[in-house]
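# Chains, contacts and geometry: an overview
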Amino acid sequence: MELALEEARAARDQGDVPVGAVAISGERLIGRGRNRTEELQDPVAHAEIFALREAARALGSWRLPGVTLYSTLEPCAMCSGASVLARIERLVYGADDPKAGMSGSLATLPQDPRLNHRVEIVRGILADECGELLRSFFRDRRGLSDLPTSG
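We now turn to the structure provided with this report. Owing to the predicted nature of the structure, the values given are computational and were not obtained by experimental measurement. Counting of residues starts from 1 at the beginning of each chain's written sequence and follows it residue by residue. Local features are withheld for residues below a pLDDT of 70 in this predicted model, meaning they are given only at 70 or higher, and side-chain atom pairs are given and counted only at 80 or more; totals for whole chains, interfaces and linings count all residues. Computation of side-chain values covers all heavy atoms of the structure but excludes hydrogens and water.

Right, let's talk about the layout of surface pockets for a bit. Here a cavity denotes grid points, spaced 1 Å and computed from the protein atoms alone, that fit a 1.4 Å probe unable to get out, and a pocket denotes an open set having protein on both sides within 12 Å along at least 5 of 7 lines; residues with an atom within 4 Å of a point are the lining. Grid points are joined across faces, edges and corners, and a volume is the space filled by probe spheres set on the points. Of the voids in this model, the largest pocket is the one considered here, and its volume is about 680 Å³. Surrounding the largest pocket, 26 residues form its lining, Leu 73, Asp 96, Asp 97, Leu 134 and Phe 138 being those nearest its centre. Only DSSP runs of H or I covering at least 4 residues are called helices, and only runs of E covering at least 2 are called strands; the numbering of each starts at the N terminus. It is helix α5 (residues 127-141) that contributes the most residues to the lining of the largest pocket, seven residues altogether. Class assignment of the residues belonging to the lining of the largest pocket gives a composition of 12 nonpolar, five polar and nine charged. Under this grouping Gly is polar, as are all residues other than the nonpolar Ala, Val, Leu, Ile, Met, Phe, Trp, Tyr, Cys and Pro and the charged Asp, Glu, Lys and Arg.

Right, dumping it as structure tokens:
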């Protein structure tokens, strides 16, 4: 998750919402990504998509069995669906996303029994750090950086 946080900080530094993701196979980093929607003006330029694309290139296959995807934020519907389509083994994320999260908050798409593949989900890893990175980004964006933080 520390590597995903590095990617999230890079997204923040480029003016994008600070979300980062990495794909790991065994002990090997095979993909990394950060949100780039603002930079590229691309609605699907999410951190998880970049990490999955790099992982597929590294393994030479769109099927990613045995891969764990780490994301600093609970994936949206698109990214949750991509994790299922890629056949990853495990999704690990930091902060819950009660407004758009589809891996435990609004729904749990990667474990829907109607799908042909289900993904193990681990939530809350470094949640405080992941969440604070997002909160501070939006506080600064709104010009509220001088207000006290809340948990």
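Text resumes after the structure shown.
Counting through the fold element by element, His 117 comes out in the loop between β4 (90-95) and β5 (120-123). Here's how the labels work: a residue is buried when its accessible area is under 20% of the maximum for its type, exposed when over 50%, partly exposed in between, all with a 1.4 Å probe on protein chains only. A residue is classified by how much of its surface remains accessible, and His 117, at 18% relative accessible area, is buried. Each C-alpha atom of the pair His 117 and Val 84 lies 6.1 Å from the other, and the pair is 33 residues apart in sequence. Beyond its immediate chain neighbours, meaning those up to four positions away, His 117 contacts Val 84, Arg 87, Ile 88 and Pro 110. At 2.8 Å, the side chain of His 117 and the backbone oxygen of Ile 88 are in polar contact. By the convention used here, residues are in contact when the closest approach between their heavy atoms is within 4.5 Å. Nitrogen and oxygen atoms within 3.5 Å of one another constitute a polar contact, given that in protein one can donate a hydrogen and the other can accept it, and given that sequence-neighbouring residues count only through two side-chain atoms.

Sheet strands pair via backbone hydrogen bonds, and the direction of the pair is either parallel or antiparallel. Between any two strands, at least two bridges found by DSSP are needed for them to pair. With mixed pairing, five strands are arranged side by side in an open sheet as β2-β1-β3-β4-β5. This sheet does not close on itself; its edge strands, each paired only once, are β2 (28-34) and β5. Direction aside, the axes of adjacent strands within the sheet are offset by 15 degrees on average. Pairing analysis gives five bridges linking strand β3 (residues 67-73) to β4, with the strands arranged parallel. Residue Tyr 70 lies in a different strand from β4, and its bridge partner there is Val 92. Here the axes come from fitting lines to C-alpha atoms, over the contacting stretch only for helices, and the angles between their N-to-C directions go from 0 to 180 degrees. Lying over the sheet, helix α3 (residues 47-59) contacts β1 (20-25), β2 and β3, oriented at roughly 145 degrees with respect to β2.

For any two aromatic rings, the description comes down to two numbers: the centre-to-centre distance and the angle of the planes. The criterion for an aromatic pair is that two Phe, Tyr or Trp rings (for Trp, the six-membered ring) have centres within 6.5 Å, with stacked assigned to planes under 30 degrees apart, edge-to-face to planes over 60 apart and tilted to the rest. Summed over all chains, the structure comprises one aromatic pair. Taken together, a centroid distance of 5.1 Å and an interplanar angle of 80 degrees make the contact between Phe 137 and Phe 138 edge-to-face. With relative accessibility at 7%, the residue Phe 137 sits in the buried group.

The next thing to look at is the nonpolar core. Residues belong to a common nonpolar core when they are buried Ala, Val, Leu, Ile, Met, Phe, Trp, Tyr or Cys residues joined through side-chain atoms within 4.5 Å. Ranked by internal contacts, the top residues of the largest apolar core, which has 34 residues, are Ala 23, Leu 52, Leu 64, Val 67, Leu 69, Ile 88 and Leu 91. Listed by contribution, the elements that provide at least two residues to this core are α1 (2-13), β1, α3, β3, α4 (77-85), β4 and α5. Top contributing element to this core by residue count: α3, with five residues. Ignoring anything within four residues of it in the chain, the contact list for Leu 64 reads Leu 52, Ala 55, Ala 56, Leu 59, Ala 86, Arg 87, Ile 88 and Glu 89.

Residue position: Lys 99 is located in the loop between β4 and β5. Along the sequence, Lys 99 and Cys 76 sit 23 residues apart, while their C-alpha atoms lie 9.3 Å from each other.

As a further point, take the pattern of salt bridges. Whenever a carboxyl oxygen of Asp or Glu lies within 4 Å of a side-chain nitrogen of Lys or Arg, that contact is scored as a salt bridge. This structure, assessed with the given rule, holds 11 salt bridges. The partner of Glu 39 in a salt bridge is Arg 36, and the shortest N-O contact between them spans 3.0 Å. Judged by relative accessible area, which is 37%, Glu 39 ranks as partly exposed. Given the relative accessible area of 23%, Arg 36 is considered partly exposed. If you follow the salt bridges from partner to partner, you end up with Arg 34, Arg 36 and Glu 39 in one network.

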